[in-house]
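# Breakdown of the fold
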Amino acid sequence: GIGFDVAEYLTHTGEGWSNPDEFLAEWGIDPEYRERGGLRPEGPHPMNAEREVFLLQRKSSKFGSTLGKTTGWIHRLTLKRRNVTLVGGVTYRRIDDRGLHITVDEEERLLEVDTVILCAGQLSNRELLPGLEQAGLPVHLIGGADTAPELDAKRAIAQGAQLAASL
């Protein structure tokens, strides 16, 4: 999810989502409802990204498989329209003056890039746990403190609600 957000940000041009007219034009929405379904006859006007962006992941699985069901399609379509290159099953080798060296399907590749941004996920932070337990305080780990990889708000909220109900 973080990689999708960063790629979307990097390929965005103009004023940003604070400008409703840009958003409506990009998605082909007619706020006056002159046409059936509220869509502009000329269709959407996707942004032309000013830079080439690669979104890489170590997993070979589908990109965005953990994105929300109601919004994941928007993120995938936005990156497709902005020509973001998605490459899965990547092994990262090194970064040097030539670019980013990777391996995909046992094939060495060089991406001649000038900027690399890592969105490598999260790690659980349990620094406070031992001290609280030693003090004899009741401790419950939920959300990202419990399991940070593939963290999603839905799971964290459910854990919080279940814990609250059990107390």
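Everything below is about the structure printed above this text.
Bear in mind the structure is a predicted one, so any value in this text is a computation, not a measurement.

## Notes on the overall build of the chain
The helix and strand tally for the chain stands at six helices and five strands. Beginning at the N terminus, the succession of helices and strands in the chain can be written as α-α-β-α-β-β-β-β-α-α-α. Rg of the C-alpha trace for the chain: 21 Å, well past the compact-globule value of 15 Å for 167 residues, more than 25% over. Each principal axis of the C-alpha distribution contributes one length, and for the chain these read about 65 × 50 × 25 Å. Across the 167 residues of the chain, 27% fall into the buried class. Here the contacts in the chain between residues at least 6 apart in sequence split such that 45% fall between residues at least 24 apart. Counting 19 positive and 25 negative side-chain charges, the chain places the averaged centre of each group 6 Å from the other.

## Section: a nonpolar patch on the surface
On the surface, Ile 95, Val 116 and Leu 118 cluster together to form a nonpolar patch covering roughly 310 Å² of accessible area. Owing to a relative accessible area of 34%, Val 116 belongs among the partly exposed residues under this scheme.

## Some remarks on the nonpolar core
The biggest cluster of nonpolar side chains holds eight residues, and these are Phe 4, Ala 7, Val 53, Leu 55, Phe 63, Leu 67, Leu 79 and Val 84. Leaving out residues up to four positions away in the same chain, Leu 79 has contacts with Phe 4, Ala 7, Glu 8, Leu 55 and Val 84. Judged by nonpolar contacts, the second largest core, of seven residues, contains Val 87, Ile 102, Val 104 and Leu 111.

## Description of the layout of surface pockets
In this model, the largest pocket occupies a volume close to 1700 Å³. For the largest pocket, the lining is made up of 49 residues, of which Ile 2, Gly 3, Leu 55, Leu 56 and Cys 119 are closest to its centre. It is helix H1 (residues 2-11) that provides the largest number of residues to the lining of the largest pocket, a total of six residues. Split by residue class, the lining of the largest pocket holds 25 nonpolar, twelve polar and twelve charged.

## Thoughts on the packing of aromatic side chains
Inspection of the entire model under this criterion finds one aromatic pair. Consider the rings of Trp 27 and Trp 73, whose centres lie 6.1 Å apart with planes at 80 degrees: the pair is edge-to-face. In this pair, Trp 27 is assigned in helix H2 (residues 20-27) and Trp 73 in helix H3 (residues 72-81), connecting sequence segments 46 residues apart. Under the relative-accessibility criterion, Trp 27 is labelled buried at 14%.

## Quick look at unusual backbone geometry
Even without being a glycine, Tyr 33 presents a positive backbone phi close to 55 degrees. With relative accessibility at 64%, the residue Tyr 33 sits in the exposed group. Within the chain, Glu 106 stands out as a residue other than glycine whose phi angle is a positive 65 degrees. For Glu 106, the location among the structural elements is in the loop between strand E4 (99-104) and strand E5 (107-111). Residue Glu 106 is classed as exposed on the basis of its relative accessible area of 81%.

Here is what the cut-offs are and how they apply
- Residues numbered from 1 in each chain as written.
- Predicted model: local features only at pLDDT ≥ 70, side-chain atom pairs only at ≥ 80, totals over all residues.
- Heavy atoms only, no water.
- Helix = DSSP H or I, 4+ residues; strand = E, 2+ residues; numbered from the N terminus.
- Rg over C-alpha atoms; globule rule 2.2 N^0.38 Å.
- Buried < 20%, exposed > 50% of the residue type's maximum accessible area, 1.4 Å probe, protein only.
- Contact = heavy atoms within 4.5 Å.
- Lys, Arg positive; Asp, Glu negative; His and termini not counted.
- Charge placed at Lys NZ, Arg CZ, Asp CG, Glu CD.
- Patch = residues over 30% accessible without salt bridge, like charges linked within 9 Å, V, L, I, M, F, W, Y side chains within 5 Å.
- Areas by Shrake-Rupley, 256 points an atom, 1.4 Å probe, with all protein chains shown as cover.
- Salt bridge = Lys/Arg side-chain N within 4 Å of Asp/Glu carboxyl O.
- Core = buried A, V, L, I, M, F, W, Y, C linked by side-chain atoms within 4.5 Å.
- 1 Å grid on protein atoms, 1.4 Å probe; cavity = no way out; pocket = protein on both sides within 12 Å on 5 of 7 lines; lining within 4 Å.
- Points joined across faces, edges and corners; volume = space filled by probe spheres on them.
- Nonpolar A, V, L, I, M, F, W, Y, C, P; charged D, E, K, R; others polar.
- Phe/Tyr/Trp six-rings, centres within 6.5 Å; stacked < 30°, edge-to-face > 60°.

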